[in-house]
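Geometric and topological summary
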Amino acid sequence: GSDAQAPLLLPPTASFADLGQLFAVLDPLDDLLRDLNWRRPRIVVAGTESSGKSTLLERLCMMPLFDRGNGLCTRAVVEVRLRRAVARSDPGGVALSTLSVVHSATGEPDADYEAQSVALGNAVPPVRALQERLVRAENGPGPRAHGLCESRTIVLEVRSPHVPNLDLVDTPGLVAAPGDDEPEDLPQRTRRLLEATLDRDPEHTMVLLVQPCDAQPRNNAAMAVLRSRPHLHERTVGVLTRADEPRPQRVRELAAGGQPGQLALRQGYVATMLRDASAAPAAGVPDGVAGRLPEVQRVRATAAAEAAWFGAEGLGDLPAAGCGEVLRRG
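Residues numbered from 1 in each chain as written. Predicted model: local features only at pLDDT ≥ 70, side-chain atom pairs only at ≥ 80, totals over all residues. Heavy atoms only, no water.

Helix and strand content of the chain: nine helices and nine strands. For the chain, buried positions account for 51% of its 330 residues. (Helix = DSSP H or I, 4+ residues; strand = E, 2+ residues; numbered from the N terminus. Buried < 20%, exposed > 50% of the residue type's maximum accessible area, 1.4 Å probe, protein only.)

So, in structure tokens, the structure goes:
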């Protein structure tokens, strides 16, 4: 099949279904809640470069909306706004999506960037192109053209009857040193952008603190950023990515907490695998099929592969095994 033939919105996870039922009750009160200045919850992911941030968010919403890969893929804040909207979806329940740009400081639309409709099965290329345009506009030519955009935020709004009203925010991964063609202050800028995102509307923010299982918590720069913000600790969930890299005992140690440099979080730590099914037939996708999976089907296959892997590795008893646990704890 192709992306055009596949459903543009995968069936919601159990957690999303539960949240969707809650917001269905609140839908008739939308005008009243707006008058009371009610704010939709936002989930901000914090982590280092290539730690699995974007893949985690992709798995949470079960839609291929975030750029993934090695290196610094995310060079501007990308905010996916999920909105319940039965009336504005077609009879088949296919989601409608709009890509736009807002000023980061005020949230007001930037008139220089016209809003555009995008297909959910192919959202990453237009988001990537818009990100490159923003980076060039803010930094000009030379090494800074490979830097970040701090003044603008990319917004992808998804309207569907199958999603809850919340915002998923992807930030550039923290880096320890710039690459050969990158600006010297890139480490400072990635940290500054994460801090600004966390400090914007903290009362309505839930944080996903990403900690790769094959790395030491004391070396995680995102851990240090959150350590200086104790007011966010009660609303922070630690997410252990790449659980298939180290030995299973290491996953258990990190899930239990208390490792050197590891923040003690009231919500604890969730273990995830996040291995892309399109690159790992052994993880539960038949050989010869994985590399040809359409994007929306790849997301579903990856989720199934993770569940199968935890069971096969004897980690299925962990209460935090799987991405669905992230939203349940939030």
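Next up on the list: the sheet that holds strand β1 (residues 42-46). Through backbone hydrogen bonds, the strands of a sheet pair up, either in parallel or in antiparallel fashion. Spatial strand order, β4-β3-β5-β2-β6-β1-β7-β8-β9: nine strands in an open sheet with mixed pairing. The strands lining the two open edges of the sheet, one partner per strand, are β4 (116-117) and β9 (269-271). Pairing of strand β2 (residues 76-84) with strand β6 (residues 166-170), which is carried by five bridges, proceeds in the antiparallel orientation. Looking at β6, one finds that Arg81 is bridged to Asp167. Where helix α4 (residues 124-139) meets the sheet, it contacts β2, β3 (96-103), β4 and β5 (149-160), and its direction lies at approximately 160 degrees from that of β5. Docked against the sheet, helix α5 (residues 186-199) engages β1, β2, β5, β6 and β7 (205-212), running at close to 160 degrees with respect to β1. (Pairing = 2+ DSSP bridges. Contact = heavy atoms within 4.5 Å. Axes fitted to C-alpha atoms, helices over the stretch in contact; angles between N-to-C directions.)

Once that is clear, we can look at the confidence of the model for the chain. Mean pLDDT for the chain: 77, with 71% of residues reaching 70 or above. Mean pLDDT in the chain bottoms out at helix α1 (residues 14-26), which sits at 45, and peaks at helix α6 (residues 221-227), which reaches 97. In the predicted structure, residues 1-23 sits below a pLDDT of 50 and forms 43 contacts with residues beyond four places in sequence or in another chain. Here residues 280-293 is a poorly scored stretch, pLDDT under 50, and it has 15 contacts once near neighbours within four places are set aside; other chains count. (pLDDT = per-residue confidence, 0-100.)

Moving on to α5. In this model, α5 (14 residues) spans 20 Å end to end at C-alpha, consistent with the 20 Å of a helix rising 1.5 Å per residue. For α5, every residue scored as buried is listed here: Leu186, Pro187, Arg189, Thr190, Leu193, Leu194, Thr197 and Leu198. (Expected span 1.5 Å × (residues − 1).)

On to the pairing of β6, then. Burial analysis of β6 places five of its five residues in the buried class, the great majority of the element. Residues of β6 alternate between two faces, with Leu166, Leu168 and Asp170 on one and Asp167 and Val169 on the opposite face, all of them buried.

Before going further, it helps to examine helix α7 (residues 248-256). Looking only at α7, the buried set comprises Arg250, Val251 and Leu254. In an axial view of α7, the angular spread of the buried residues amounts to 100 degrees, which keeps them on one side of the axis. Each element contacted by the buried residues of α7 is listed here: β8 (236-241) and β9. Two residues or fewer past α7, Gly257 is found with a positive phi of approximately 85 degrees. (Arc of directions from axis to C-beta.)

Going through the model one piece at a time under the given rule, you end up with three cavities of 30 Å³ or more. Its volume calculated, the largest cavity comes out at about 80 Å³. Here the lining of the largest cavity gets four residues from one element, more than from any other, and that element is α4. Of the residues belonging to the lining of the largest cavity, the class tally is six nonpolar, two polar and three charged. (1 Å grid on protein atoms, 1.4 Å probe; cavity = no way out; pocket = protein on both sides within 12 Å on 5 of 7 lines; lining within 4 Å. Points joined across faces, edges and corners; volume = space filled by probe spheres on them. Nonpolar A, V, L, I, M, F, W, Y, C, P; charged D, E, K, R; others polar.)

What follows covers unusual backbone geometry. Residue Ser50 is not a glycine yet carries a positive backbone phi of 60 degrees. Relative to the elements of secondary structure, Ser50 occurs in the loop between β1 and α3 (53-61). Located in the positive-phi region is Arg242, a residue other than glycine, with phi close to 55 degrees. Along the chain, Arg242 falls in the loop between β8 and α7.

Our next topic: the side chain of Thr236. Among the structural elements, Thr236 can be located in strand β8. Within the structure, Thr236 has its side chain in polar contact with the backbone oxygen of Leu232 (distance 2.7 Å). Leaving out residues up to four positions away in the same chain, Thr236 has contacts with Val207, Leu209, Leu226, Leu265 and Gln267. (Polar contact = N/O pair within 3.5 Å; in protein donor to acceptor, adjacent residues only side chain to side chain.)

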